[in-house]
Amino acid sequence: MAAAHHAGRLQDELVKLGRYPLIVIDEVGYIPFEAEAANLFFQLISNRYERASVIVTSNKPFGRWGETFGDETVAAAMIDRLVHHAEVHSLKGESYRMRGRELGRVPATTDND
């Protein structure tokens, strides 16, 4: 989207992306968005609003999305569009990827040490 924006073809790119019935965006909030990326992401969400499906995963609660996008107002407007007509699933517990691992735990000592 950034390349299309710089080339003056953002609307064409949004139309192209609008043809996909579903877009999955994984790990929003893992790293903060730069201002341009936040703006483009908002445009993508706005363009798909009530037209096509989006699945978004995030390790941040909605209340902290302002940190991710650098603007509370943009984050609130985006969340508003995402959750309207949506099913929101909040998962609790340990990471699926980390299950069965003992990272960060001190191994038990034995009498032989």
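Located above this text is the structure these notes cover.
The present account deals with the structure reproduced in this document. (Residues numbered from 1 in each chain as written. Predicted model: local features only at pLDDT ≥ 70, side-chain atom pairs only at ≥ 80, totals over all residues. Heavy atoms only, no water.)

**Description of the side chain of E13**
Here comes step 1: The residue E13 is located in helix α2 (residues 10–18) in this model.
Here comes step 2: The buried category is assigned to E13, whose relative accessible area is 16%.
Here comes step 3: When near neighbours in sequence (up to four residues on either side) are disregarded, E13 contacts M1 and A4. (Helix = DSSP H or I, 4+ residues; strand = E, 2+ residues; numbered from the N terminus. Buried < 20%, exposed > 50% of the residue type's maximum accessible area, 1.4 Å probe, protein only. Contact = heavy atoms within 4.5 Å.)

**Side note on the packing of aromatic side chains**
Here comes step 1: Under the definition given, this model contains 5 aromatic pairs.
Here comes step 2: Plain terms: the ring middles of F33 and F69 are 4.6 Å apart, the flat faces sit at 45 degrees to each other, and that makes the pair tilted. Within this pair, whereas F33 is found in the loop between β1 (22–28) and α3 (35–48), its partner F69 is found in helix α4 (residues 65–69), the two being separated by 36 residues in sequence.
Here comes step 3: Three or more aromatic residues link up through ring pairs in this structure, and these residues are F33, F41, F62, W65 and F69. (Phe/Tyr/Trp six-rings, centres within 6.5 Å; stacked < 30°, edge-to-face > 60°.)

Shape is all these values report; function is a separate question.
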